[in-house]
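Listed below, chain by chain, are the residues.
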Amino acid sequence: MPSGHTRRNFLLRSVASASIAPGMFAAEPQNCAGPIPSAPVPFTPDTAQPIQQRLPASTLSNADAARLRKAYAALRALAVSDPSDPRGWLQQGNKHCWQCGGGLDGQAGEEIHGGWLFLPWHRAFLYFHERILGKLIGDMSLRLAYWDWDNSQHRGAPPAWLSPNNLASNPLFDPNRSAVAGNQIPLQYVGPTAMNPIWGAPDFPTLGGQPGDQDGGNIENTVHGLVHIWCGDTTLQSQKADMGLLDTAAQDPLFFAHHGNIDRIWSVWNGSSSSHTNPSDPNWLNHTFNFWDENKRWVSIKVSDVLNMEQNLRYRYGPAASPLLLTGPGSSLKLAMEAQHILAIPEDVRKRVTSQAPSKLTTLRVEGLTLPAGASGVYTIVANKPQANAAAVAGTPNALGYIAIVPKTSKAAHMHNNLSVALNLTAHADLLKESGKLELTLAPLAGGASTPLSARNVYLVEH
Ligand code: C2O
């Protein structure tokens, strides 16, 4: 069954009142296994294709928006004319569902969230999706667009995805979206305070996750999850389809623009310092994913195949506002912890952090953070106000950062046991004026009691 009454009634109402094919709407999938494949053929780069730019979604020309609309119209039409075609809109959404915990029946394929497969799997998913869209309109030069929500001017969903606000004339629209024209993601979640620890991530595990699926990286657990949840509920109080649940997220065309930006951030990070390298572990490089391609062939692609996106995947990212890039390895100091959540910062470091120039960046890298059982949604990480709820500390220096966990379905939280996050301490240096102790708690944004934040290790990193 679909989630709560509100959504169900909404769906029924929408289908009844709009002149849209019912196949255009789908509730949460019960089972999201795709068509049964035969043996995969190995990926080969389509070097006959020129390398084309993916452009910023918020400033697309009318012609580029029209071309993308035509392609999504074809993708949606295919889901109606042949629901079993693995390339159609709903099958694409279900492919993502299958790799992130499955649908309501809990049957699922390999988990690609919560660890170091997150970035390469989504890069490959976008590549095959882009090729399918191109094929459906007979234009293989088509490239996806990216929603650069980290640009302060572009914190609203891109206009072409919002209006016209009906599916009949805008296949980029999604009626299962809370975000409408005029809504903007609050700056604190996607602005420089949140982004600088990502741009300045000293190594791949900090940015993109550790081996396995139990310790996702900073990009996944902060901005990535936050934007998902915000699209489904702009108040961030609940996790709603489509974007706010992993089993339905890729049914919204905005998913692909959101992940285009995640993918771009990874590539900008790679290019911004010689120390920003990807893992060299063969277990990562040789890890294989399978996808249906634009010709309905089941293709296997390795992580190492997606690392050179220009040569192998034939795209690059077009212009975007330049981030504050902080490069270099930085120095990292393991902090002493009392009761797993009270940190002691040595006096000399405390003095340095409170007096340093604002262009410097100091982060707290929290590793192996454990969430309360069944946790999902947005949690404020609070320092030195152990009893305060999230609303009480919002906008104060005590609100040190956040984590955002997108649940698998409306019935099941994500599988995260541990995760990592990097908190921007520079922006909160005032906290350290009085003492070198930081007591960290997790406060759910939806309200309720805060709990001590428990972590395996915390490092203070000076970039
Ligand atoms: Cu596979 Cu943004 O989630």
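Analysis parameters
As a convention, each chain's residues are numbered from 1 in the sequence order in which they are written. Note on the predicted model: pLDDT of at least 70 is required for a residue's local features to be given, and 80 or more for side-chain atom pairs to be given and counted; whole-chain, interface and lining totals, by contrast, use all residues. Only hydrogens and water are removed before side-chain values are computed, so all heavy atoms of the structure are retained for them. Here a helix means four or more residues in a row that DSSP labels H or I, a strand means two or more in a row labelled E, and each is numbered from the N terminus. When we talk radius of gyration, it's over C-alpha atoms, and the globule rule is simply 2.2 Å times the number of residues to the 0.38. Using a 1.4 Å probe on the protein chains alone, a residue whose accessible area is under 20% of its type maximum counts as buried, one over 50% counts as exposed, and one in between counts as partly exposed. Any two residues whose heavy atoms approach within 4.5 Å are treated as being in contact. The nonpolar core is taken to be a set of buried Ala, Val, Leu, Ile, Met, Phe, Trp, Tyr and Cys residues, with the residues joined through side-chain atoms within 4.5 Å. Think of it this way: DSSP has to see at least two bridges between two strands before they count as a pair. Convention adopted: a line fitted to C-alpha atoms gives each axis, helices being fitted over their contacting stretch, and angles between N-to-C directions are expressed from 0 to 180 degrees. Convention used here: angles under 35 degrees read as roughly parallel, angles over 145 as roughly antiparallel, angles from 65 to 115 as roughly perpendicular, and any remaining angle as oblique. Residues are grouped as follows: Ala, Val, Leu, Ile, Met, Phe, Trp, Tyr, Cys and Pro are nonpolar; Asp, Glu, Lys and Arg are charged; all remaining types, including Gly, are polar. Known as pLDDT, the predictor's per-residue confidence is scaled from 0 to 100.

J.: Just give me the short version of the overall build of the protein, but keep the residues and values in it.
T.: Assigned secondary structure in the protein consists of 15 helices and 17 strands. Relative to the 2.2 N^0.38 estimate, which gives 23 Å for 463 residues, the radius of gyration of the protein is 22 Å and therefore close to what a compact globule would have. Burial status across the protein gives 58% buried among its 463 residues. Across the protein, every contact between residues at least 6 apart in sequence was considered, and the portion connecting residues at least 24 apart equals 76%.

J.: Could you give an account of the nonpolar core, with specific residues and numbers?
T.: Counting 89 residues, the largest nonpolar core has W147, W149 and W161 as the members making the most contacts within it. When residues of this core are assigned to their parent elements, the largest contribution, 10 residues, is made by helix α4 (residues 118-136). Once residues within four sequence positions are removed from consideration, W161 is found in contact with A57, L60, L68, A145, N170, L172, F173, R177, P253, L254 and A257. Counting residues in hydrophobic clusters, the runner-up holds 30 residues, among them L335, L369, L438 and A455.

J.: I'd like a description of the pairing of strand β5 (residues 288-292), backed by residues and values.
T.: Along any regular strand, the residues point their side chains to alternate faces of the sheet. As judged from the 5 bridges shared by β5 and strand β6 (residues 298-302), these two strands associate in the antiparallel manner. By the bridge assignment for β6, W292 is matched with W298. Where β5 folds back on β6, the antiparallel hairpin that results is connected by 5 residues, among which K296 adopts a positive phi of roughly 65°.

J.: Account for the packing of helix α2 (residues 62-81) against α4, with residues named and values stated.
T.: Viewed as axis vectors pointing N to C, α2 and α4 meet at an angle of 90°, and their least axial separation amounts to 8 Å. By the angle between their directions, the pair α2 and α4 is classed as roughly perpendicular. Contact with α2, carried on its side by A71, Y72, A74, L75 and L78, involves H129, I132, L133 and L136 of α4 and no other residues of that element. When its residues are assigned to classes, the contact of α2 with α4 shows 8 nonpolar, 1 polar and no charged.

J.: Break down the sheet that holds strand β2 (residues 52-56) for me, with residues and values.
T.: Across the sheet, which stays open at both edges, the 3 strands sit in the order β3-β2-β7 with parallel pairing between neighbours. What marks the edges here is a single partner per strand, and that holds for β3 (145-146) and β7 (315-317). Summarising the sheet, β2 and β7 pair through 3 bridges and their orientation is parallel. Paired with Q52 across the two strands is Y315, which belongs to β7.

J.: Before we move on, can you summarise the sheet that holds strand β14 (residues 418-424) with the specific residues and values?
T.: Here we have 5 strands laid out as an open sheet, ordered β4-β14-β11-β17-β8, and mixed in their pairing. The sheet is open, and its two borders are formed by β4 (215-216) and β8 (331-334), each paired with just one other strand. Of the strands in this sheet, β11 (362-370) and β14 are in contact with helix α7 (residues 192-199), which crosses β14 at around 115°.

J.: Could you give me a rundown of the confidence of the model for the protein, with the residues and numbers involved?
T.: Confidence along the protein averages 90 in pLDDT terms, with 92% of residues attaining 70 or more. Low confidence marks residues 1-23, where pLDDT is under 50. Its contacts with residues over four positions away, or in another chain, come to 32 contacts.

J.: Mind laying out unusual backbone geometry, listing which residues take part and the relevant values?
T.: For the peptide bond that leads from S163 to P164, omega is 0°, which places it in the cis range. Its place among the elements puts P164 in the loop between α5 (159-162) and α6 (187-190). Look at the link from A241 to D242: it is a cis peptide, with omega at -5°. Relative to the elements of secondary structure, D242 occurs in the loop between α9 (218-232) and α10 (254-271).

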